[in-house]
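Here are the chains, one letter per residue:
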Amino acid sequence: MATAKSIDPAVNALLEYAEQESITTAFSRAEAMKPCPIGHIGACCKHCHMGPCRLVKPGQTGICGATIETVTSRNFARMVAVGAAAHSDHGRDLVFTLLAAAEGEAPDYRIRDERKLMEVARFLGVATENRGPRDIARDVALKAMEQFTSQRKEATYLRRAPKPRQEIWRRLGIAPRGIDREVVDLLHRTHIGDDQDHEHILMASLRCALADGWSGSMLATDITDILFGTPAPLHSQANLGILGKDTVNIVVHGHEPTLSEMIVAASQDPELIAYAQSKGARGINLTGICCTANEVLMRQGVGTAGNFLSQELAILTGAVEMMVVDVQCIMEALAPLSQRFHTKLVTTSPKVKIHGALHVEMDERRALAIAKDLVRMAIDNYPNRGETRIPQFKSDIVAGFSHEYLNYMMGGVYRGSFRPLNEAIVQGRIRGVAGVAGCNNPRASAHDAAHEYIVREFIRNDVLVVQTGCGAISAAKYGLLSPEEAFRGAGAGLREVCEALGIPPVLHMGSCVDNSRILTALSQMATEGGLGEDISDIPGVGIAPEWMSEKAVSIGAYLVASGVYTLFGGDNPVEASPVVTEFLSQGWEQRVGGKLEFVRDPEEIVARSLAHIDAKRAALGLARYDPHRFGASGDAVMLRWLQAREMGLPVSPYSTAGLEVAEALAQR
Ligand code: MSK
């Protein structure tokens, strides 16, 4: 039954409706079609037309003689290459926008964060003295383009990594050069008759993945911040309940902030709001899905309607006038589905058209005008709305923790650093750190269940969690990005630190490409002192509980290459080869200090993660983690606060850390 398919009641309610109406969704399609058992474990080679060759018997090879090790590692490598290409090409488009803005060809865009522009300019070796921001931005864009095309020169962004890490990459020959070169190189070597040594293929995969994490994604994040602002925490809401029953609802979906930022501006235009009201709506309500949602959430406070598996469900509410999509993670099923309702599905990227959707191509020279046209079109569609079914579930959230903000938060403008965090880990108040990211997968036991369980277990065990992508949206929906709710479940030591710093124990750090922010934060932690010298010394893990995309595989590989123990939930895409499975784990660990494991059971993921964190603590000579050592004073305040809240008193854990609550309780 639909009720078991998700832990999100909003999702379940709409799945029940879909079932009643015989409307298919990714959930029902996944149930109706089991994955190909040969391809699912990496045993199918379709890289030439003698096949596909299915290697299902022990010792069997492809027609060309390719072994199961070669076939599985080639398949894995191709996933990395596509994932790296997708992230990095997103970065390239942002560079084009920055260049167009600098050259006056994109009048609706401007430099919103000059400080970051200066920082990135200095990093890329662009002169800044006596020059205006547009001049500098132009050169920054040109330098950023070189990161794609460089044939021999090492990627500049590698210098953001700790020095010992850079040395490992150079020694192993996996320090990436230009992004385009690494993607092409990896694709080339997976052609029939090329690289036929699984270790060689998999080490090249790490180099390509590094070109993603430490170059393409990193520059995408930097350029986005320059153009649209570096995120700082803000309040918003999450889940399908944010759709308005009497507003024109527009959902932006995909990954790119370029047009969606303009739609934010258009949706706030008084003329368009008046136009919406003239059609009988109360106003215009903009929301997001997937990582476009994350982009506009953390800079503009736009509410997020859901993660990857909620995209069809938003349309099923009957309350979405328009869904505007750009690139990546957009289901083709949206087109026929939108035709059953009144929703207009609009593709906007020159790279993505969907048969059956309206295509309005993004052109940065007239971006705001295009955005206004789209909003007007959505308003015109409002009178066509029929019956609606908006599940009344939503959560308050705090999102937008850039690494710059974390720095600032832990020391102010002049003394910003990661020292307080490092010290909290050294003392054992914080046991370790975990990056929990990645997609949803309808093959998971229940949508969001692994995400939620793992995050709750981490914070209960005093592990500070940072999140991006659909994982962050999952946490948002279950209240984990709200300081109040998360404090209920956090361990005492972690809670004390979060109270002192005024942060939730789960930090929203952005979209998929913003995993680069996690790399930068890890690098700063490693160089701050107290936690070794390299990322691999830090008591930390990376988790993708419900991964499904090729981008997730690239992220996993660059985390490993950066020295992080990385665990993916769900099934192992190279399961057909125990040799390759072992190489991704022990083989990579021996070489780069990080390893990749696929573990189906979320409890096992948590157990392995905590064991790893404790082992890293021991290797650093840190105090053994003791959950009872800290938090007595904080607990007393927190317990009073919880009690007051249950009594219905309007109190916050920050403002009432003592007297107010005690007094209120005494009066009762
Ligand atoms: S959108 S890649 S489903 S995280 Fe970034 Fe979500 Fe995964 Fe797409």
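Residues numbered from 1 in each chain as written. Predicted model: local features only at pLDDT ≥ 70, side-chain atom pairs only at ≥ 80, totals over all residues. Heavy atoms only, no water.

Asker: Mind laying out the overall build of the chain, listing which residues take part and the relevant values?
Answerer: When its secondary structure is counted, the chain shows 27 helices and 16 strands. The C-alpha radius of gyration computed for the chain amounts to 24 Å, which stays within 12% of the reference 26 Å derived for 668 residues, consistent with globular compactness. With the C-alpha coordinates aligned to their principal axes, the bounding extent of the chain is approximately 70 × 65 × 60 Å. Taking all contacts inside the chain whose residues are at least 6 apart in sequence as the whole, residues at least 24 apart take part in 75%. (Helix = DSSP H or I, 4+ residues; strand = E, 2+ residues; numbered from the N terminus. Rg over C-alpha atoms; globule rule 2.2 N^0.38 Å. Contact = heavy atoms within 4.5 Å.)

Asker: Break down the sheet that holds strand β16 (residues 595–598) for me, with residues and values.
Answerer: The six strands lie next to each other as β13-β12-β11-β14-β15-β16, forming an open sheet whose pairing is parallel. For this open sheet the edge positions go to β13 (506–508) and β16, each flanked by a neighbour on one side alone. Going from strand to strand, the sheet's axes swing by 20 degrees on average, the running direction of each strand aside. Note: strand β11 (residues 432–436) against strand β12 (residues 463–467), five bridges, orientation parallel. Bridged to Gly435 within β12 is Val466. (Pairing = 2+ DSSP bridges. Axes fitted to C-alpha atoms, helices over the stretch in contact; angles between N-to-C directions.)

Asker: Hey, could you go over the packing of aromatic side chains for me, with residue numbers and the actual values?
Answerer: Taken as a whole and judged by the stated rule, the model has nine aromatic pairs. Ring geometry for Trp547 against Phe568: centres 5.5 Å apart, planes inclined by 50 degrees, an arrangement best described as tilted. Taken as a pair, Trp547 in the loop between β14 (540–544) and α23 (550–561) and Phe568 in strand β15 (residues 565–568) lie far apart in primary sequence, 21 residues in all. The class of Trp547 is buried, set by a relative accessible area of 10%. Judged by relative accessible area, which is 3%, Phe568 ranks as buried. Counting every residue linked through ring pairs, the aromatic cluster contains Phe401, Tyr405 and Tyr408. When the ring centre of Phe123 is taken as reference, the NZ or CZ atom of Arg160 above it lies at 4.9 Å. One cation-aromatic arrangement involves Arg389 over Tyr17; the distance from NZ or CZ to the ring centre is 4.0 Å. (Phe/Tyr/Trp six-rings, centres within 6.5 Å; stacked < 30°, edge-to-face > 60°. Buried < 20%, exposed > 50% of the residue type's maximum accessible area, 1.4 Å probe, protein only. Lys NZ or Arg CZ within 6 Å of the ring centre and 35° of its normal.)

Asker: I'd like a description of the nonpolar core, backed by residues and values.
Answerer: By size, the foremost hydrophobic cluster in this structure holds 165 residues, and its most contacted members are Val140, Phe458 and Trp588. The leading source of residues in this core is helix α8 (residues 198–228), at 17 residues. Contacts of Trp588, omitting those with residues within four sequence positions, involve Phe76, Leu202, Met203, Leu206, Ala557, Val560, Phe583, Gly593, Gly594 and Leu596. Core analysis: the next-biggest nonpolar cluster, separate from the first, contains 39 residues, Ala26, Leu309, Leu313 and Val352 among them. (Core = buried A, V, L, I, M, F, W, Y, C linked by side-chain atoms within 4.5 Å.)

Asker: If you had to explain the pattern of salt bridges to someone new, which residues and values would you point to?
Answerer: Working definition: two side chains of opposite charge can pair if their charged atoms are close together. Following the criterion strictly, the structure yields 49 salt bridges and no others. A salt bridge links Arg170 to Glu167; its shortest N-O distance comes to 3.1 Å. Of the two residues, Arg170 and Glu167 both sit in helix α6 (residues 163–172), three residues apart, roughly one turn of that helix. The exposure class assigned to Glu167 is partly exposed, which follows from its relative accessible area of 45%. (Salt bridge = Lys/Arg side-chain N within 4 Å of Asp/Glu carboxyl O.)

Asker: Can you tell me about the pairing of strand β5 (residues 284–289), naming the residues and giving the values?
Answerer: In the case of a regular strand, side chains alternate between the two sheet surfaces. Summarising burial for β5: six of the six residues are buried, a large majority. Residues Ile284, Leu286 and Gly288 point to one face of β5 and Asn285, Thr287 and Ile289 to the other, with burial holding for every one of them. Across six bridges, the pairing between strand β4 (residues 248–254) and β5 is parallel. Looking across to β5, one finds that Ile250 is bridged to Leu286. Bridge count between β5 and strand β6 (residues 303–306): three bridges; the pairing is parallel. Within β6, the position partnered with Gly288 by the bridge is Thr304. Remark: the β5/helix α11 (residues 290–300)/β6 crossover connection has right-handed handedness. (Right-handed = clockwise from strand over helix to strand, strands pointing away.)

Asker: Please give an account of helix α25 (residues 602–619) that cites residues and values.
Answerer: An α-helical segment advances 3.6 residues per turn. Residues three or four places apart therefore align on the same side. With 18 residues, α25 should cover 26 Å at 1.5 Å per step; its first-to-last C-alpha distance of 26 Å lies within 8% of that length. Residues of α25 that are buried: Ile605, Val606, Ser609, Leu610, His612, Ile613, Lys616 and Arg617. Each buried residue of α25 sits inside an arc of 160 degrees when the element is viewed along its axis, so together they form one side. Of the exposed residues in α25, those oriented more than 90 degrees away from the buried face are Glu603, Ala618 and Ala619. The inward-facing, buried residues of α25 contact α17 (419–427), β11, α18 (449–460), β12, β14 and β15. (Expected span 1.5 Å × (residues − 1). Arc of directions from axis to C-beta.)

Asker: Any details on the side chain of Asp326? Residues and values, ideally.
Answerer: Considering the arrangement of structural elements, one finds Asp326 in the loop between β7 (322–325) and α13 (334–340). One buried charged residue, Asp326, forms no salt bridge at all, with the nearest opposite charge on Lys551 at 8.6 Å. From its side chain, Asp326 meets the backbone nitrogen of Glu256 in a polar contact 3.0 Å long. Leaving out residues up to four positions away in the same chain, Asp326 has contacts with His253, Gly254, His255, Glu256, Thr292, Thr348, Ser349 and Val352. (Lys, Arg positive; Asp, Glu negative; His and termini not counted. Polar contact = N/O pair within 3.5 Å; in protein donor to acceptor, adjacent residues only side chain to side chain.)

Asker: So what's going on with the site of the ligand? Residues and values would help.
Answerer: The environment of the ligand is formed by His255, Cys290, Cys291, Phe308, Cys329, Gly438, Cys439, Cys470, Cys512, Met548, Ser549 and Lys551. Residue classes in the shell around the ligand are distributed as eight nonpolar, three polar and one charged. Three or more residues apiece are contributed to the shell around the ligand by two domains, here domain 3 (240–384) and domain 4 (395–619). (Near = heavy atom within 4 Å. Nonpolar A, V, L, I, M, F, W, Y, C, P; charged D, E, K, R; others polar. Domains from an automatic or database assignment.)

Asker: Describe α11, with residues and values.
Answerer: For α11, a buried count of 10 out of 11 residues is recorded, marking the element as mostly surrounded by other parts of the structure. Phi for Gly301, located one or two positions after α11, is positive at around 75 degrees.

Asker: Break down the packing of helix α9 (residues 257–267) against helix α14 (residues 367–381) for me, with residues and values.
Answerer: The interhelical angle for the contact between α9 and α14, taken along N-to-C directions, is 60 degrees, at an axis separation of 8 Å. When the axis of α9 is compared with that of α14, the two are oblique. Pair α9 / α14 crosses with right-handed handedness. In contact with Leu259, Met262, Ile263, Ala265, Ala266 and Ser267 of α9, α14 contributes Ala367, Leu368, Ile370, Ala371, Lys372, Leu374 and Val375. A class-by-class count of the residues in the contact of α9 with α14 yields 11 nonpolar, one polar and one charged. (Parallel < 35°, antiparallel > 145°, perpendicular 65-115°, else oblique. Left-handed = near helix turned anticlockwise from the far one by under 90°.)

Asker: Got a sec to walk through the environment of Val56? Specific residues and values, please.
Answerer: Along the polypeptide, Val56 turns up in the loop between β2 (53–54) and α3 (68–102). For the pair Val56 and Gly173, spaced 117 residues apart in sequence, the C-alpha to C-alpha distance is 34 Å.

Asker: Any chance you could break down unusual backbone geometry for me, citing the residues and the numbers?
Answerer: Looking along the chain, the bond that leaves Gly51 and enters Pro52 is cis, with omega of 5 degrees. Of note, Pro52 is situated in the loop between β1 (44–45) and β2. For Ser22, which is not glycine, the phi dihedral falls at a positive 55 degrees. Within the fold, Ser22 resides in the loop between α1 (9–20) and α2 (26–32). One non-glycine residue, Cys290, lies in positive phi territory at about 60 degrees. Inspection of the secondary structure assignment puts Cys290 in helix α11. According to the relative accessible area criterion, Cys290 is buried, its value standing at 1%.

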